[in-house]
Amino acid sequence: MSESKSGRDSSAVTGQGGSLPGWAQIDIDDIDVREKIGGGGIGVIHLGYYKNKNVAIKTLFNPRVTEDVKKEYMDELLVMSKVNHSNIVTFLGASMTAPNYCFVMELCDKSVFEILHVNKEYMNEHEAIRCVTDVGYAMEYLHSLKPVVIHRDLKSHNILRDFNGVYKVCDFGLVMVKNTAAGTPAYMPPELLLNKPFNKSVDVYAFGVFMNECLSGEIPYAQLDINEVRRRIIGNEKPPLPSSGGRLSRSSQLTTKCWHQQPECRPSFAAIVDELIAIGDEMPNQQATSVS
């Protein structure tokens, strides 16, 4: 999607009575499947070539795929085929012919996890706010749909930067999963870890953790085992927030609102995006830099 731009554009209302994007049944023989470039959830991600362009292919090329895995695949396909936003990875089509199940999606450059923690690219505050604002746009859109789409797995691995520098949400594998224990513990709010009822505010909590990760450059709860992560989240022991002169920045203050222990105290994504736009407007124009 080389010409896409982020923001509250016309695609942000698609799904509320507007037209949905079309997608095609794709013959596996029409796809040139190349090297593995990632993985996670229910499949392996390969580089591919389809209709004269490079694409990403999420594959389930396994003749022994269980019915549960196939259902998760179908659930994710259903969600992806119904969303359309410039800050969500574009779904192009799928092969539904057993055993060659696969999604075909737009190819992006890198995940935020790779940018921050593999390539050690430093995100100054300007670039971090740009990144989280893009994600905020996507989440505002998803939470506006009827029925609402709760992502359930917002994290740096599932936020991709495209080749134009636009950040996009991907991986909808947990949207229809009923198990509250499913997810990535470091980004999960206490209500999920305690197996309590939940609502769309779980995405706001995860967004707060992700926002702090972008601002601090640190992996949340790095090097702690799952039990210790769970104990700290339930005990309201959050990762440290970046500060200046002992005072929290406006962006760090927003983070604390997003990862509030009480779901009803977390802001909506509409309010989050409004605040992020205001923060961005106050900042001088800068570019992200890399450090070795």
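Everything that follows concerns the structure shown earlier in this document.
The model shown is predicted, which means the values in this text are computed figures rather than measured ones.

About the criteria used
Residues numbered from 1 in each chain as written. Predicted model: local features only at pLDDT ≥ 70, side-chain atom pairs only at ≥ 80, totals over all residues. Heavy atoms only, no water. Helix = DSSP H or I, 4+ residues; strand = E, 2+ residues; numbered from the N terminus. Salt bridge = Lys/Arg side-chain N within 4 Å of Asp/Glu carboxyl O. Buried < 20%, exposed > 50% of the residue type's maximum accessible area, 1.4 Å probe, protein only.

S.K.: Is there a simple way to explain unusual backbone geometry in this structure?
M.R.: Glycine aside, a negative phi is what most residues show, and trans is what most peptide bonds show. Residue P147 is bonded to the preceding K146 through a cis peptide linkage, with omega at 0 degrees. Within the secondary structure, P147 sits in the loop between helix 3 (125–144) and strand 8 (159–161). If you check the backbone angles, K51 has positive phi at about 50 degrees while not being a glycine. Here K51 lies in the loop between strand 3 (43–50) and strand 4 (53–61). At N236, a position not held by glycine, the phi torsion is positive, near 60 degrees. Tracing the backbone through its elements, the reader meets N236 in the loop between helix 6 (226–234) and strand 10 (243–244).

S.K.: Explain the pattern of salt bridges to me, please; I cannot follow it from the model alone.
M.R.: A side chain with one charge can pair with a side chain of the opposite charge if their charged atoms come near. The full count for this structure, using the stated rule, is 16 salt bridges. One salt bridge connects D109 with K110, and the closest N-O pair in it is separated by 3.3 Å. Put simply, R250 and E275 hold a salt bridge, and the shortest N to O gap is 2.6 Å. Here the residue R250 occupies a position in helix 7 (residues 250–258), and E275 occupies one in helix 8 (residues 269–282), the gap between them amounting to 25 residues. Residue classification places E275 among the partly exposed positions, given a relative accessible area of 21%.

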